[in-house]
Amino acid sequence: MIKILIADNHPIVRMGVKQVLEPVSDIQVIADASTTTELFDKLEIFTPDVILLEMDIPEINGIATLRKMKKQYPNIRVLIYSGQSEDVYALSTIRAGAFGYLSKTSEIDYIISAIRKVSEGNMFITNELAQRLAFDEGTQKPRRFFRKLSTREVEVLKLLASGKRNKEVAQGLNLNEKTVSTYKARLMRKLNVDNLVDLLQQAKALELY
């Protein structure tokens, strides 16, 4: 039996996933959580095989949660289940320790096959995602830009895009404020802009957040 914990801040998503998994004989939802605090509280009581984790779960972002999970619960496998842009965030979350990335727009059958694959210790990404990671859909040339952004740069970019100032980003990611400034400068260089407004506009145009 594969034991699942669903961590998502939307009650309707948690309910929907439970209903999808309920008739599946080899999968059992043992707990759910709506915030990272609740998630880690539940992990003191329950021991799931796989956590289905929303990238934007409140309090700590998904990537930071993954890092914490990897340190505290290295044997639990995490499958990201998110509405965020796949071709950027899938790479970032997998680098941070996720065993797979599944879009909320995926077919329902994918959830079941993804959980089974991840529970066996295998990586899971959809065929569509694998193709998008490898090729630019417009030119059919290999897409290299997204690989240039590190996991931490993506985290900083997301927080800046949400309106956070350098100091707040530093607090949220447990970094020095000067380090955040360095990441911001690096992002501007990679996106070929020279101010924050253009950085966020360029990032939005490229669907980086």
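- Per an unreviewed UniProt entry, the protein goes by DNA-binding response regulator and derives from Arenibacter aquaticus.

**A short note on the nonpolar core**
- The biggest cluster of nonpolar side chains holds 39 residues, and the ones touching the most others in it are Leu 39, Ile 51 and Leu 53.
- No other element matches the five residues that helix H7 (residues 151-161) contributes to this core.
- Viewed by domain, this core spans two of them, domain 1 (1-131) and domain 2 (140-203), each represented by three or more residues.
- Not counting chain neighbours up to four residues away, the residues in contact with Leu 53 comprise Ala 7, Leu 39, Gly 62, Thr 65, Leu 66, Val 78, Leu 79, Ile 80 and Tyr 81.

**Focus on the packing of aromatic side chains**
- This structure, assessed with the given rule, holds two aromatic pairs.
- Look at Tyr 110 and Phe 124: their rings are 6.1 Å apart centre to centre, the planes differ by 65°, and that puts the pair in the edge-to-face class. You can see Tyr 110 sitting in helix H5 (residues 108-119) and its partner Phe 124 sitting in strand S6 (residues 124-125), a full 14 residues away along the chain.
- When its relative accessible area of 6% is taken as the criterion, Phe 124 is described as buried.
- Across the ring face of Phe 40, the terminal group of Lys 68 is positioned such that the distance to the ring centre comes to 4.3 Å.

**Quick notes on the pattern of salt bridges**
- Enumeration over the complete set of coordinates arrives at 10 salt bridges.
- Note that Asp 8 is salt-bridged to Lys 104, the shortest N-O span being 2.8 Å. Of this pair, Asp 8 sits in the loop between strand S1 (2-7) and helix H1 (11-21) while Lys 104 sits in the loop between strand S5 (100-103) and H5, and the two are 96 residues apart along the sequence.
- Accessibility expressed as a relative area gives 1% for Asp 8, which makes it buried.
- Judged by relative accessible area, which is 25%, Lys 104 ranks as partly exposed.
- Close ionic contact of Asp 32 with Arg 14 constitutes a salt bridge, the shortest N to O distance being 3.2 Å. Residue Asp 32 is located in strand S2 (residues 27-33), and its partner Arg 14 is located in helix H1; the two are separated by 18 residues in the primary sequence. Across the pair, exposure class does not vary: Asp 32 and Arg 14 are buried alike.
- If you follow the salt bridges from partner to partner, you end up with Asp 8, Glu 54 and Lys 104 in one network.

**Concerning unusual backbone geometry**
- Although it is not a glycine, Glu 59 adopts a positive phi angle of roughly 85°.
- On the secondary structure map, Glu 59 appears in the loop between strand S3 (50-53) and helix H3 (62-72).
- According to the relative accessible area criterion, Glu 59 is exposed, its value standing at 55%.
- If you check the backbone angles, Asn 174 has positive phi at about 60° while not being a glycine.
- Relative to the assigned elements, Asn 174 resides in the loop between helix H8 (166-173) and helix H9 (177-190).

Thresholds, definitions, all that
- Each residue is numbered by its place in its chain's sequence as written, counting from 1.
- A pLDDT threshold of at least 70 governs which residues receive local features in this predicted model, and a stricter bar of 80 or more applies before side-chain atom pairs are shown or counted, although totals over entire chains, interfaces and linings include all residues.
- Only hydrogens and water are set aside when side-chain values are computed; all heavy atoms of the structure are taken into account.
- Nonpolar core, defined: a set of buried Ala, Val, Leu, Ile, Met, Phe, Trp, Tyr and Cys residues in which side-chain atoms within 4.5 Å join the residues together.
- When accessible area is computed with a 1.4 Å probe and restricted to protein chains, residues below 20% of their type maximum are described as buried, those above 50% as exposed, and intermediate ones as partly exposed.
- Starting at the N terminus, helices and strands are each numbered in turn, a helix being any DSSP run of H or I of at least four residues and a strand any DSSP run of E of at least two.
- Domain boundaries shown here were taken from an automatic or database domain assignment.
- Only heavy atoms matter for contacts: two residues are in contact if any of them lie within 4.5 Å across the pair.
- Stacked, edge-to-face and tilted are the three classes for Phe, Tyr and Trp ring pairs, Trp counted by its six-membered ring, which pair at centre distances within 6.5 Å; planes under 30 degrees apart are stacked, over 60 edge-to-face, the rest tilted.
- Charges are assigned to positions over rings by a cutoff of 6 Å between ring centre and Lys NZ or Arg CZ, combined with an angular limit of 35 degrees from the ring normal.
- Salt bridges, as used here, are contacts in which a Lys or Arg side-chain nitrogen is within 4 Å of a carboxyl oxygen on Asp or Glu.

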